[in-house]
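Residue strings, one per chain:
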Amino acid sequence: MDDQIIDNQSISPILVGLMGSGKSSIGRRLAGNLKLPLIDLDDYIVEQAGRSIPEIFEQDGEAAFRQMETEALRQIVGSHSVIATGGGVVMSETNMHILKQHPPVIWLKASPEFLTGRIEGDSNRPLIAVGDTLKKLQELAAIRYPLYEQCADFILPRGDMKKTEALQAILDFIYAFRK
Ligand code: S3P
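A brief structural summary. As the structure is a computational prediction, the values presented were derived from the model and not from experiment.

Below, the discussion takes up the packing of aromatic side chains. With the rule as written, the count across this model stands at five aromatic pairs. Aromatic pair Phe57 and Phe65: ring centres 5.0 Å apart, planes at 40 degrees, arrangement tilted. For the pair formed by Phe57 and Phe65, the shared burial category is buried. The interplanar angle of 45 degrees and the centroid separation of 5.5 Å between the aromatic rings of Phe173 and Phe177 together place this pair among those described as tilted. Residue Phe173 and its partner Phe177 are both found in helix α8 (residues 163–178); the two are separated by four residues, about one turn of the helix. The class of Phe177 is partly exposed, set by a relative accessible area of 35%. Connected via pairs of aromatic rings, a cluster forms that spans Trp107, Tyr145 and Tyr148.

This paragraph deals with the site of the ligand. As a structural note, the neighbourhood of the ligand is formed by 13 residues, with Lys23, Asp42, Arg66, Arg125 and Arg144 the closest of them. Between the ligand and Lys23, the relevant distance is 2.7 Å, taken from an oxygen atom to a side-chain nitrogen or oxygen of the residue. Contacts to the ligand include Arg144, whose side-chain N or O atom sits 2.7 Å from an oxygen atom. About the coverage of the ligand: the protein hides 95% of its 380 Å² of free accessible area.

A few words on the packing of helix α4 (residues 62–76) against helix α5 (residues 93–101). Where α4 meets α5, the axes come as close as 10 Å, and the angle between the chain directions of the two elements is 20 degrees. On the basis of their axis angle, the class for α4 and α5 is roughly parallel. Where α4 crosses over α5, the two elements pack in a sense that is left-handed. Across from Glu69, Thr70, Leu73 and Arg74 in α4, the residues of α5 making contact are Thr94, Asn95 and Ile98. Looking at the contact of α4 with α5 residue by residue, the class counts come to two nonpolar, three polar and two charged.

Time to look at the packing of helix α3 (residues 53–60) against α4. Running from amino to carboxyl end, α3 crosses α4 at an angle of 125 degrees, the nearest separation of the two axes being 7 Å. Regarding the angle of α3 to α4, the classification is oblique. Where α3 abuts α4, its residues Ile53, Ile56, Phe57 and Asp60 lie against Glu62, Ala64, Phe65 and Met68. A per-class count over the contact of α3 with α4 returns six nonpolar, no polar and two charged.

On to the pairing of strand β4 (residues 105–109), then. The element β4 is largely enclosed, with a buried count of four among its five residues. Note: strand β1 (residues 14–16) against β4, three bridges, orientation parallel. Opposite Val16, over in β4, you have Trp107 as the bridge partner. Of the strand pairs in this sheet, β4 and strand β5 (residues 154–157) are connected by four bridges, and their pairing is parallel. Residue pairing for β5: Ile106 is matched across the bridge by Phe154.

The subject of this paragraph is the pattern of salt bridges. Once the charged atoms of two side chains with opposite charge are near each other, the side chains can pair. Throughout the structure, instances matching the rule amount to six salt bridges. Residue Arg51 is joined to Asp60 by a salt bridge in which the shortest nitrogen-to-oxygen separation is 2.8 Å. For Lys135, the salt bridge is made with Glu139, and the minimal N-O distance between the two is 3.7 Å. Note that Lys135 and Glu139 are positioned in helix α7 (residues 133–151) at a spacing of four residues, about one turn of the helix. We classify Lys135 as partly exposed; its relative accessible area is 48%. In this structure, a network of salt bridges that share partners links the residues Glu62, Arg66 and Glu69.

Conventions and cut-offs
Every chain is numbered independently, its residues counted from 1 as its sequence is written. For a predicted model such as this one, the threshold for reporting local features is a pLDDT of at least 70, and the threshold for listing and counting side-chain atom pairs is 80 or more; totals across whole chains, interfaces and linings nevertheless cover every residue. The basis for the side-chain values is all heavy atoms of the structure; hydrogens and waters are excluded. Two aromatic rings, drawn from Phe, Tyr or Trp (for Trp, its six-membered ring), form a pair once their centres lie within 6.5 Å of each other, and the interplanar angle then sorts them: stacked below 30 degrees, edge-to-face above 60, tilted otherwise. Using a 1.4 Å probe on the protein chains alone, a residue whose accessible area is under 20% of its type maximum counts as buried, one over 50% counts as exposed, and one in between counts as partly exposed. Counting from the N terminus, the helices are the DSSP runs of H or I reaching at least four residues and the strands are the DSSP runs of E reaching at least two. Throughout, near means a residue has at least one heavy atom within 4 Å of the molecule or strand. Here a polar contact means two N or O atoms within 3.5 Å. Within protein one must be a hydrogen donor candidate and the other an acceptor candidate, and residues neighboring in sequence count only if both atoms are side-chain atoms. Note on areas: Shrake-Rupley with a 1.4 Å probe; residue coverage comes only from the protein chains shown. Helix axes are fitted only over the stretch in contact, all axes being lines through C-alpha atoms; the angle between N-to-C directions runs from 0 to 180 degrees. An angle below 35 degrees is treated as roughly parallel, one above 145 as roughly antiparallel, one from 65 to 115 as roughly perpendicular, and anything else as oblique. Should the near helix be turned anticlockwise from the far one by less than a right angle, the crossing is termed left-handed; should it be turned clockwise, right-handed. It only takes one pair of heavy atoms within 4.5 Å for two residues to be counted as in contact. Each residue is assigned to one class: nonpolar for Ala, Val, Leu, Ile, Met, Phe, Trp, Tyr, Cys and Pro, charged for Asp, Glu, Lys and Arg, and polar for all the others, Gly among them. One bridge is not enough; two strands pair if DSSP finds at least two bridges between them. What makes a salt bridge here is a side-chain nitrogen of Lys or Arg within 4 Å of a carboxyl oxygen of Asp or Glu, nothing more.

This is the structure in structure tokens:
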């Protein structure tokens, strides 16, 4: 991994995928490896709003959160960094347009079954706060998989792969993408 020389000057990978697919944690490792800052879109929104995501959803509703998300994406895209997005970023046409204009977009593809155990009971994720987490993730996957696929330059299948292997696969892709 260390002997791969990646000119990071013009690379700003964007990670997409369902909740719990590892965008923030893999993003952190990727950013460390590329010597770039990591910008987490959710953290950015929380900082700007001065409220948590559950508070924004509860007080202003999901539509308002989506507007904040688009505004935040507009502000940070193109900055020299690794960007970890929220799972619903692909739900807006504007966001899809922005993502397609800023490759490489990397989809951390994970099944609802894989994700359920990772996020069940997480009180910071309002979309799974009530009801059956697996069912909700299946519904989201049905709508979002085609959208992730549309904007992705690289698809990383999450599952059995360890985080180090996942990171290496992304770095190999980025290395080839840069050439
Ligand atoms: C959401 C995913 C969350 C966060 C918000 C909505 C979604 O981010 O943006 O709760 O619509 O899937 P993570 O994917 O980082 O959990």
